[in-house]
Number of protein chains: 2
Amino acid sequence: MNIAIAGLGIIGGSYCKAFKSYTKHTVIGINRSPAVAQQALEEGAIDIAGTAEDLSRADVIILCMYPQACVDFVRENGQYIRSDAIVTDAAGIKRALCPQMKELAAQFGFTFVGSHPMAGKEKNGFEASEAELFAGASFLITPCGAPEEAVNVLAKLAREIGFGTVKITTPEEHDRMIAFTSQLPHVLACAYVLSPSCPNHNGFSAGSYRDVSRVANINARLWSELFLENREPLLEELRELHRNTKAIYDAVEASDKEALADLLERGHRVKQALGE
Amino acid sequence: MNIAIAGLGIIGGSYCKAFKSYTKHTVIGINRSPAVAQQALEEGAIDIAGTAEDLSRADVIILCMYPQACVDFVRENGQYIRSDAIVTDAAGIKRALCPQMKELAAQFGFTFVGSHPMAGKEKNGFEASEAELFAGASFLITPCGAPEEAVNVLAKLAREIGFGTVKITTPEEHDRMIAFTSQLPHVLACAYVLSPSCPNHNGFSAGSYRDVSRVANINARLWSELFLENREPLLEELRELHRNTKAIYDAVEASDKEALADLLERGHRVKQALGE
């Protein structure tokens, strides 16, 4: 198959490298700045450094840009996409994106299947990409009415490049769960490191500082867009978190050891029940 | 030297195994339940399975029990401690502990130096202990007026068993910093996993879920005691965190992309400035 990757940042670049490492598919790399596609070509991460017109050669197109940029890109270049092509994205939000992409799919005749590779790093850009980025990770698919055949093509590709789990879901469930598993930890990390204590942590810290603060090394522009496109689920998780930290705060303030131990024990039991 | 470790849980057990692996010191293990000391002896983690009376043979005594239990243990068994012995603890709070230990040191004639090995796991008990637990970790010392000589003995021992950093501090600075680097992440982890979304995270989660939730697998009894013995610094960090999550909440609620990106960017810059 010919696979076109549009947007050669960390995710797009990792898709290129993974397809080149693990499969025999032909990889067409497309990037706004052609220098990056050229670099990818020189490094052997892609077979062809293409432009939007080369979308016409692709059986599968993976859009690895910011959410709204995916929509804009297809709106501008949809005429190059074949009607038998499968188009997917890599965006971290789905409710705001999928209906727009479905509309464009109907307009231009291609098949759209939403997807979200649950992988990343605290670094950006092609230079941070790697063939192993998806090893063992979850690949979330929101079919949004696409034929099962197209969904299966994507699921098979995901397994070929090392994803550990393929999960079929709806945009609504996706966004609600991602608010908890991914967006909330990013909010917490940023809020955490804004404490005046943070710059002095060295020598006083260990694994728990490192783990909570890790993703504060954030791409602010991307995550602002992701948060605002998932406003209600994220706000609900933030309210829920506040209820729970407030309960612990109150128990500490009241020096109520029994209530405090009970709250911590509830947390412990959740992890135990999950076998973590 | 003869080193007595009192309390063979994960920390005490790891001290035993580390001293046996990396040094030629004689290790005396003392535990409330003698079966654990017997097991440690059989595994070669200690040289002698002792009782409180064997404290009289020790040049250095490391108390690896819950904070208040350290004080109670010394109050009951101080008569066995030699006046040339150095006694230290391993507790995660210092302001509440050090004055009591100083008093006991004056009463029984030994030298007390507070210390806190910044290492741990989400498991408890001797079976979770390991010789490598302290590799590269910080060893915090609160001398509390002890002679420099005694501080140096402890610092040297810490380096011998693999600690990466030795930091001298005061009980006040220790407790303030630990509220941020260690206690706050434990509160957050427990509050986080109490979300109704948590039991369904599987397949939707990746590194950021794993990292924030890790320490929710908590020893509720121990951490309740640690939190309540460090009430004010912990409450202050919780208020600070709430101010910062509230600012992000407000920006998301108002769909104020500029304010939101600015807050996230501030978090990003803190990590960048720390070179993390």
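Scroll up a little and you will see the structure.
Predicted model, so just to flag it, every value in this text is computed and none were measured. (Residues numbered from 1 in each chain as written. Chains lettered and ligands numbered in written order. Predicted model: local features only at pLDDT ≥ 70, side-chain atom pairs only at ≥ 80, totals over all residues. Heavy atoms only, no water.)

Student: I'd like a description of the overall build of chain A, backed by residues and values.
Tutor: Broken down by element type, chain A carries 10 helices and 9 strands. Taken over the C-alpha atoms alone, chain A extends approximately 70 × 40 × 30 Å along its principal axes. Here chain A holds 276 residues, and 58% of them are scored as buried. For chain A, the share of sequence-separated contacts (at least 6 apart) that also reach a separation of at least 24 residues comes to 73%. Taken as a whole, chain A presents about 10800 Å² of accessible surface, with 48% of it coming from carbon and sulfur. Side-chain charges of chain A comprise 27 positive and 35 negative groups, with the mean position of each set lying 2 Å from the other. (Helix = DSSP H or I, 4+ residues; strand = E, 2+ residues; numbered from the N terminus. Buried < 20%, exposed > 50% of the residue type's maximum accessible area, 1.4 Å probe, protein only. Contact = heavy atoms within 4.5 Å. Areas by Shrake-Rupley, 256 points an atom, 1.4 Å probe, with all protein chains shown as cover. Lys, Arg positive; Asp, Glu negative; His and termini not counted. Charge placed at Lys NZ, Arg CZ, Asp CG, Glu CD.)

Student: So what about the interface of chain A and chain B? Which residues, and what values?
Tutor: Taken together, the contacts link 83 residues of chain A with 83 residues of chain B. Summing both sides of the interface, chain A and chain B together bury roughly 7700 Å²; the carbon and sulfur share of this comes to 69%. By the criterion of area lost to chain B, the three top residues of chain A are A:Phe180, A:Leu194 and A:Phe204, representing 11% of everything that side buries. Across the chain A-chain B interface, the total number found is 3 salt bridges. One salt bridge in this structure joins A:Asp211 and B:Arg214, with 2.7 Å as the shortest N-O distance. On the surface where chain A and chain B come into contact, there are 49 residue pairs in polar contact (both at pLDDT 80 or more). Where the side of chain A that touches chain B is concerned, the elements lending two or more residues are β8 (138-142), α6 (171-193), α7 (207-213), α8 (220-228), α9 (231-253) and α10 (257-273) of chain A. Taken together, the residues of the side of chain A that touches chain B break down into 42 nonpolar, 25 polar and 16 charged. (Buried area = accessible area lost by both parts, 1.4 Å probe. Salt bridge = Lys/Arg side-chain N within 4 Å of Asp/Glu carboxyl O. Polar contact = N/O pair within 3.5 Å; in protein donor to acceptor, adjacent residues only side chain to side chain. Nonpolar A, V, L, I, M, F, W, Y, C, P; charged D, E, K, R; others polar.)

Student: Describe the environment of A:Asp175, listing the residues and the values that go with them.
Tutor: Residue and element names in this part refer to chain A. By secondary structure assignment, the location of Asp175 is in helix α6. In this structure, the C-alpha to C-alpha distance between Asp175 and Ser208, residues 33 residues apart in sequence, is 27 Å. Not counting chain neighbours up to four residues away, the residues in contact with Asp175 comprise Ile93, Lys94, Arg95, Ala96, Asn230 and Pro233. Looking at Asp175, its side chain comes within polar contact range of the side chain of His174, at 2.8 Å.

Student: Mind laying out the packing of aromatic side chains, listing which residues take part and the relevant values?
Tutor: According to the stated counting rule, one finds 16 aromatic pairs over all chains in the structure shown. Taking the centre distance of 6.0 Å and the plane angle of 45° together, the rings of A:Tyr192 and A:Tyr209 count as tilted. In this pair, A:Tyr192 is assigned in helix α6 and A:Tyr209 in helix α7, connecting sequence segments 17 residues apart. Judged by its relative accessible area of 1%, A:Tyr192 falls in the buried class. Judged by centre distance (5.9 Å) and plane angle (65°), the ring pair of B:Trp223 and B:Phe227 falls under edge-to-face. Here B:Trp223 and its partner B:Phe227 are both found in helix α8 (residues 220-228), 4 residues apart, which amounts to about one turn of the helix. With respect to class, B:Trp223 is no different from B:Phe227; both count as buried. Cluster of aromatic residues (ring-pair linked, three or more members): A:Tyr15, A:Phe19, A:Phe134, A:Phe139 and A:Phe163. The ring of A:Phe126 is capped by A:Lys17, whose NZ or CZ atom sits 4.6 Å from the centre of that ring. (Phe/Tyr/Trp six-rings, centres within 6.5 Å; stacked < 30°, edge-to-face > 60°. Lys NZ or Arg CZ within 6 Å of the ring centre and 35° of its normal.)

Student: Before we move on, can you summarise the sheet that holds strand β4 (residues 60-63) of chain B with the specific residues and values?
Tutor: All names here are of chain B. Read from one edge to the other, the open sheet built from 6 strands follows the order β3-β2-β1-β4-β5-β6, with strand pairing classed as parallel. In the strand order of this sheet, the two ends are held by β3 (48-50) and β6 (111-112), each with one partner. Pairing geometry for strand β1 (residues 2-6) and strand β2 (residues 26-30), over 5 bridges, is parallel. If you follow Asn2 over to β2, its bridge partner there is Thr26. (Pairing = 2+ DSSP bridges.)

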